[in-house]
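Here are the chains, one letter per residue:
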Amino acid sequence: AFLWTSHALQPLFVNCIDNLNYLNQTKMSATLVRLINTMPVPIFGSVRTATAFVIPKAKTLPRFAGWGLPLGVGALWFVWPAVDDGWKIEMGLKADPEAAKKAAEEAAAAAPKKVELSPAAVAKVEDAYKSGEHVETEDDKMLAKASATGDYTYFEEKWEAFTEKATRPGEDDDDDDDDDDDDDDDDDEDEDDDDE
């Protein structure tokens, strides 16, 4: 591994100074590009070698453009937890807990005072949803009696009266006439049987 120490940087500065001295000696015959191309670069040796390697590789980058977003998300997934919370708050990427606490305290101070109810009012509020005592009606008493004995004749009369009121007048009149005719025919047959 290449270590960036004072010993490692020394050749870089010496090479740059030598290049500048060389330029002065040749009366500026060397161009700035040549100076930059001869600067040392770790791993590659010089800027010229690094440029010769990187430019062809950079031309192939467009075919990998689709991987940019997934790679960026993956990198952030690993890097984001390591980022300082103070920086996140400063950039507005995270809510400031101290500001939220201060706002909550201010809201609590500005809130109206709690209303105290008298014990009688508290009792009324607690009993407000409860209905009054159930008073048994005549029908409730009859239902209890009928349930105990199994005799529902009282309710059958009420049910029949309700059914008569619920049916619309004129509805199914033809059926009723047919039923009456059938009943009359049955009565006639019974009378004929009795005569014999």
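Draft legend 1. Region of interest: the overall build of the chain. The helix and strand inventory of the chain stands at 10 helices and 2 strands. Across the chain, helices and strands are ordered from the amino to the carboxyl terminus as α-α-β-β-α-α-α-α-α-α-α-α. Across the 196 residues that make up the chain, the buried fraction comes to 6%. For the chain, the accessible area works out to roughly 17,500 Å², and carbon and sulfur atoms hold 59% of it.

Draft legend 2. Seen up close, the environment of Thr60. Among the structural elements, Thr60 can be located in the loop between α3 (47-59) and α4 (68-79). At 2.6 Å, the side chain of Thr60 and the backbone oxygen of Lys57 are in polar contact.

Draft legend 3. Region of interest: the pattern of salt bridges. This structure, assessed with the given rule, holds 3 salt bridges. Residues Asp85 and Lys94 are paired through a salt bridge, measuring 3.2 Å at the closest nitrogen-oxygen approach. Through salt bridges with shared partners, a single network forms among Asp85, Lys88 and Lys94.

Draft legend 4. Up close: unusual backbone geometry. One non-glycine residue with positive phi stands out, namely Ile43, at about 75°. By relative accessible area, Ile43 is classed as exposed at 84%.

Draft legend 5. Geometry of a negative patch on the surface. On the surface, a cluster of negative charge is contributed by Asp151, Glu156, Glu157, Glu160 and Glu164. Relative to the helices and strands, Glu164 resides in helix α9 (residues 153-166).

Draft legend 6. Structural view of the packing of helix α8 (residues 138-149) against α9. One way to put it is that α8 packs onto α9 with a least axis distance of 9 Å and a crossing angle of 125°. Classed by the angle they form, the pair α8 and α9 counts as oblique. Residues Asp139, Met142, Leu143 and Ala146 of α8 form the contact with α9, whose participating residues are Tyr154, Phe155 and Lys158. Its residues assigned to classes, the contact of α8 with α9 shows 5 nonpolar, no polar and 2 charged.

Draft legend 7. Spatial organisation of α4. With 12 residues, α4 extends 16 Å between its outermost C-alpha atoms, agreeing within 8% with the 16 Å of an ideal straight helix rising 1.5 Å per residue. With 0 of 12 residues buried, α4 lies mostly on the surface of the structure.

Draft legend 8. Structural detail: a nonpolar patch on the surface. On the surface, a cluster of nonpolar side chains totalling about 510 Å² of accessible area is made up of Leu76, Trp80, Trp87, Met91 and Leu93. As for its position among the elements, Leu93 is in the loop between α5 (85-91) and α6 (97-110).

Draft legend 9. Structural context of the side chain of Lys88. Inspection of the secondary structure assignment puts Lys88 in helix α5. Since its relative accessible area comes to 7%, Lys88 is described here as buried. Those residues within four positions of Lys88 in sequence are excluded, and the remaining contacts are Trp80, Val83, Leu93 and Lys94.

Draft legend 10. Structural context of the side chain of Ser46. By secondary structure assignment, the location of Ser46 is in strand β2 (residues 45-46). Here Ser46 falls in the buried class, since its relative accessible area comes to 16%. What Ser46 contacts, discounting residues up to four positions off in sequence, is Asn37, Thr38, Met39, Pro40 and Val41.

Draft legend 11. Focus on the confidence of the model for the chain. Summarising the model, the chain shows a mean pLDDT of 76, and 69% of its residues fall at 70 or more. Here residues 1-6 is modelled with pLDDT under 50, and outside its nearest four sequence neighbours on either side it reaches 4 contacts, counting other chains as well.

What counts as what
Note that residues are indexed from 1 along each chain, following the sequence as it is written. In view of the model being predicted, local features appear only for residues whose pLDDT reaches at least 70, and side-chain atom pairs are presented and counted only at 80 or more, with totals across whole chains, interfaces and linings using the full set of residues. Neither water nor hydrogens contribute to the side-chain values; these are computed over all heavy atoms in the structure. Numbering goes from the N terminus for both helices and strands, where a helix is a DSSP run of H or I of at least four residues and a strand is a run of E of at least two. Residue burial is assigned from relative accessible area. The probe radius is 1.4 Å, only protein chains are included, and a residue is buried under 20% of its type maximum, exposed over 50%, and partly exposed in between. Residue-level accessible areas treat just the shown protein chains as cover; the underlying method is Shrake-Rupley with a 1.4 Å probe. Contacts described as polar in this section are N or O atom pairs within 3.5 Å, which, within protein, must combine one atom able to donate a hydrogen with one able to accept it, while residues neighboring in sequence count only if both atoms come from side chains. For this document, the term salt bridge refers to a Lys or Arg side-chain nitrogen within 4 Å of an Asp or Glu carboxyl oxygen. Patch membership requires more than 30% relative accessible area and the absence of a salt bridge. Residues of like charge join within 9 Å; the nonpolar side chains Val, Leu, Ile, Met, Phe, Trp and Tyr join within 5 Å. His is not counted, nor are the chain ends; Lys and Arg add positive charge and Asp and Glu add negative charge. Charge coordinates come from a single atom per side chain, which is NZ of Lys, CZ of Arg, CG of Asp or CD of Glu. An axis is simply a line fitted to the C-alpha atoms; with a helix, the fit covers only the stretch in contact. Between two such axes, the angle follows the N-to-C directions and lies from 0 to 180 degrees. Any angle that falls under 35 degrees is termed roughly parallel, while one over 145 is termed roughly antiparallel, one within 65 to 115 roughly perpendicular, and all others oblique. A contact between two residues is defined here by any heavy atoms of the two lying within 4.5 Å. In the scheme used here, Gly and all other residues not listed as nonpolar or charged are polar, with Ala, Val, Leu, Ile, Met, Phe, Trp, Tyr, Cys and Pro taken as nonpolar and Asp, Glu, Lys and Arg as charged. Expected helix span is computed as 1.5 Å times (number of residues minus one). pLDDT measures how confident the predictor is about each residue, on a scale from 0 to 100.

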